[in-house]
Amino acid sequence: MKTRSAITFGPLTVGLSLLMLGGTVAATAVSTIAAASARAQSRAEKEARTEAAAAQQALRAGRFAEAIGHAERAVGDQPDAAEYRMILGQSYLKAGRFASARDAFADTLTLAQGNGKAALNLALAQIATGDWAGARTTLDANAATIPVSDRGLAIALAGDPATAVEMLGAAARGPEADAKVRQNYALSLALAGRWREAQAVVAMDVAPADVSRRILDWSTFSRPSSASDQVATLLGVTPAVDPGLPVALALNGAARGGTTALAKAEQPIDSYMPGQVGAEPAAPSAPVAVAEVAAAPTQQVAAVGPTIAGVVFAERKEVVQALPVAYAKAPTKRGSVAERIAVASSGAAPRAASAFPEPRAPMRGGFVVQLGAYDTAGVAHDAWTRVTRRYAGFASHTPQGMTVSRGGKQFYRLSVGGFARADAVSMCQQYRSRGGACFVRAGAGDQVAMWAKGRELASR
């Protein structure tokens, strides 16, 4: 998937409000002021065009820092020109400054609603910054203007490979399907864990000798180490430290009275939704929030987004002080024959075989650790896979889920539990210390997750 050049829009005309005074002198003064303002406006437009052209030339030459400088000056001269903000977003994107790119493309979409290229790039920047729920909202709101081949793969990267497979599968079987559609379909299959099918689709357009190599590359691609890795790989860019979009260049949408084509994300459910923007990290010593069944909605926990299907999101680096973990007293094991001989000859006391005894099993109870609420059970399944990779302590437990409604929309709530309160708090704290996000609440009818029901019956 590649970034595309901006659609050209003519600069919007800024009206001049002049104080109307009576008399010939006043009329002459107004005319003089208007002429001067028009000349200033003309100069600003000319300078903006020059800077924008220089930015595009620098982009083509791979001088991204230089492109950013020119594009920022173009936007400063003509803040209402959508095409200049598009160039600015592309400059940030190629420089690996994903947060700034996100803001620039959002402003572009506000000024030029229906710009599918801006919407796609905005979604990619949102994915790279960990806002995968926001990315899916953007893709859904602009579905009519984004080609299905691009939108499908973006949906897979935004945490819903099952939907992407369904969408791209239909497109790949169509009469107008090309190699791009098929290969995006294959990559979505891979991100959904359907590797055999992915390999078969890859072979339709790739030489037999190269099929295994591509699958191997995708295997690495599906296990990123940060939120931006996959988007950066697809775009061929290197993520960079991002100071953010300059405040002076921010679009003041309220003053224009316009509306943006970027739909707002739904309010969080159960006080935690993946990819929630604007959540503040918990203080290092803050305890895990515990919600009671009959209590009001719990205090929101910092949303360090979940990870799913080989796509990692929202690395907001939450720092949590770990709670003490109770350990069972492990029996001291005798060392090997060589160790006993060495001890006997030196007179030193024998050492325990392990300095870190295994923790005791959590006690049963009525509390659960909630890990998030997702659009579908399929998205929650992928999230569970990534959660257990991040914190192995959950892997030995059965995931739980249930469908809940909020604001006329349904979500699938993911949890793990049946623990005593202290053990649930301890497990949540351990998960948070590894960069995850969760909170503890009393059980509320949580059932075995849909995808785990077969495994649960087989283990009985």
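As a reminder, the structure under discussion sits directly above these lines.
To keep things clear, this report deals only with the structure shown in the data block.

### What to know about the overall build of the chain
Here's step 1: Helix and strand counts for the chain stand at 17 helices and eight strands.
Here's step 2: Sorting the 460 residues of the chain into buried and exposed places 46% on the buried side.
Here's step 3: Sequence-distant contacts in the chain: of pairs separated by 6 or more residues, those separated by 24 or more amount to 71%.
Here's step 4: Element-wise, carbon and sulfur atoms account for 56% of the exposed surface of the chain, whose accessible area totals about 22800 Å².

### Some words on the side chain of Q370
Here's step 1: Along the chain, the position of Q370 falls in strand β4 (residues 364-374).
Here's step 2: Of note is the side chain of Q370, whose polar atom sits 2.5 Å from the side chain of R441.

### Quick look at the pattern of salt bridges
Here's step 1: For the structure shown, the criterion picks out eleven salt bridges.
Here's step 2: Here E51 makes a salt bridge to R73, at a shortest N to O gap of 3.3 Å. Residue E51 is found in helix α1 (residues 24-60), and its partner R73 is found in helix α2 (residues 64-77); the two are separated by 22 residues along the sequence.
Here's step 3: Overall, the relative accessible area of 43% leaves R73 in the partly exposed class.
Here's step 4: Where R97 meets D242, a salt bridge forms, and the shortest distance between an N and an O atom there is 3.0 Å. Here R97 is found in the loop between α3 (82-94) and α4 (98-111), whereas its partner D242 is found in the loop between α12 (229-235) and α13 (253-256), with 145 residues between them in sequence.
Here's step 5: A relative accessible area of 12% means that R97 is categorised as buried.

### A short note on the environment of L124
Here's step 1: In this structure, L124 sits in helix α5 (residues 116-128).
Here's step 2: Look at L124 and you get buried, because its relative accessible area is 3%.
Here's step 3: As for L124 and A135, which are separated by eleven residues in sequence, their C-alpha atoms are 7.1 Å apart.

### Quick look at helix α10 (residues 195-202)
Here's step 1: Turning to α10, its buried residues number three or more, namely A198, V201 and V202. Taken around the axis of α10, the buried residues stretch over an arc of 100 degrees, which confines them to a single face.
Here's step 2: At its buried positions, α10 is contacted by α9 (179-191) and α11 (208-221).

### Examining the packing of aromatic side chains
Here's step 1: The full count for this structure, using the stated rule, is five aromatic pairs.
Here's step 2: An angle of 40 degrees between the planes, with centres 6.4 Å apart, marks the rings of Y391 and Y431 as tilted. Of this pair, Y391 sits in the loop between α15 (377-390) and β5 (399-406) while Y431 is found in helix α16 (residues 421-433), placing the two residues 40 residues apart along the sequence.
Here's step 3: Among the aromatic residues, those joined into a ring-pair cluster are W384, Y391, F394 and Y431.
Here's step 4: Above the ring of W132, the side-chain terminus of R136 is found at 5.0 Å from the ring centroid.

### Here we look at the environment of A449
Here's step 1: Relative to the assigned elements, A449 resides in the loop between β8 (447-448) and α17 (453-458).
Here's step 2: For A449, a relative accessible area of 0% translates into the label buried.
Here's step 3: The contacts of A449, once residues within four sequence positions are left out, are P399, Q400, G401 and Y412.

### Examining the state of the cysteines
Here's step 1: Applying the stated criterion to the full structure yields one disulfide.
Here's step 2: A sulfur-sulfur separation of 2.0 Å characterises the disulfide bridge that pairs C428 with C438. The disulfide joining C428 to C438 has a torsion of about 115 degrees about its S-S bond and is therefore right-handed. Separated by ten residues along the polypeptide, C428 in helix α16 and C438 in the loop between α16 and β7 (439-442) bring together distant segments of the chain. You'll find C428 and C438 in the same group, each marked buried.

### Focus on the packing of α3 against α4
Here's step 1: Look at α3 against α4: their axes get within 8 Å of each other, and the N-to-C directions meet at 160 degrees. Put simply, α3 runs roughly antiparallel to α4. Between α3 and α4 lies a crossing whose hand is left-handed. Seen from α3, the contacting residues are A82, R85, M86, L88, G89, Q90, Y92 and L93; seen from α4, they are F98, S100, A101, A104, F105, D107, T108 and L111.
Here's step 2: Here the residues of the contact of α3 with α4 sort into ten nonpolar, four polar and two charged.

### Comments concerning the side chain of S149
Here's step 1: Inspection of the secondary structure assignment puts S149 in helix α7 (residues 148-157).
Here's step 2: We classify S149 as buried; its relative accessible area is 8%.
Here's step 3: When neighbours within four sequence positions are excluded, S149 is seen to be in contact with L168, K180, V181 and N184.

### Digging into α4
Here's step 1: The terminal C-alpha atoms of α4, which comprises 14 residues, lie 20 Å apart, in line with the 20 Å expected from a rise of 1.5 Å per residue.
Here's step 2: Burial analysis of α4 places ten of its 14 residues in the buried class, which makes it a mostly covered element.
Here's step 3: Listing the buried residues of α4 in full gives F98, S100, A101, A104, F105, A106, D107, T108, L109 and L111.

### Concerning the pairing of β5
Here's step 1: Here eight bridges tie β5 to strand β6 (residues 409-419), and the two strands are oriented antiparallel to one another. Across the sheet, the residue bridging to P399 is V416, located in β6.
Here's step 2: Counting the residues in the hairpin turn of β5 and β6 gives two residues, including G407, whose phi is positive at 60 degrees.

### A few points about the packing of α5 against helix α6 (residues 132-141)
Here's step 1: The interhelical angle for the contact between α5 and α6, taken along N-to-C directions, is 170 degrees, at an axis separation of 8 Å. Our classification of the angle between α5 and α6 gives roughly antiparallel. α5 and α6 meet at a crossing whose hand is left-handed. In this structure, α5 contributes A119, L122, A123, Q126 and I127 to the contact, and α6 contributes W132, G134, A135, T138 and L139.

What counts, and at which threshold
Residues numbered from 1 in each chain as written. Predicted model: local features only at pLDDT ≥ 70, side-chain atom pairs only at ≥ 80, totals over all residues. Heavy atoms only, no water. Helix = DSSP H or I, 4+ residues; strand = E, 2+ residues; numbered from the N terminus. Buried < 20%, exposed > 50% of the residue type's maximum accessible area, 1.4 Å probe, protein only. Contact = heavy atoms within 4.5 Å. Areas by Shrake-Rupley, 256 points an atom, 1.4 Å probe, with all protein chains shown as cover. Polar contact = N/O pair within 3.5 Å; in protein donor to acceptor, adjacent residues only side chain to side chain. Salt bridge = Lys/Arg side-chain N within 4 Å of Asp/Glu carboxyl O. Arc of directions from axis to C-beta. Phe/Tyr/Trp six-rings, centres within 6.5 Å; stacked < 30°, edge-to-face > 60°. Lys NZ or Arg CZ within 6 Å of the ring centre and 35° of its normal. Disulfide = S-S within 2.5 Å. Axes fitted to C-alpha atoms, helices over the stretch in contact; angles between N-to-C directions. Parallel < 35°, antiparallel > 145°, perpendicular 65-115°, else oblique. Left-handed = near helix turned anticlockwise from the far one by under 90°. Nonpolar A, V, L, I, M, F, W, Y, C, P; charged D, E, K, R; others polar. Expected span 1.5 Å × (residues − 1). Pairing = 2+ DSSP bridges.

Spatial relationships are all this shows, so hold off on functional conclusions.
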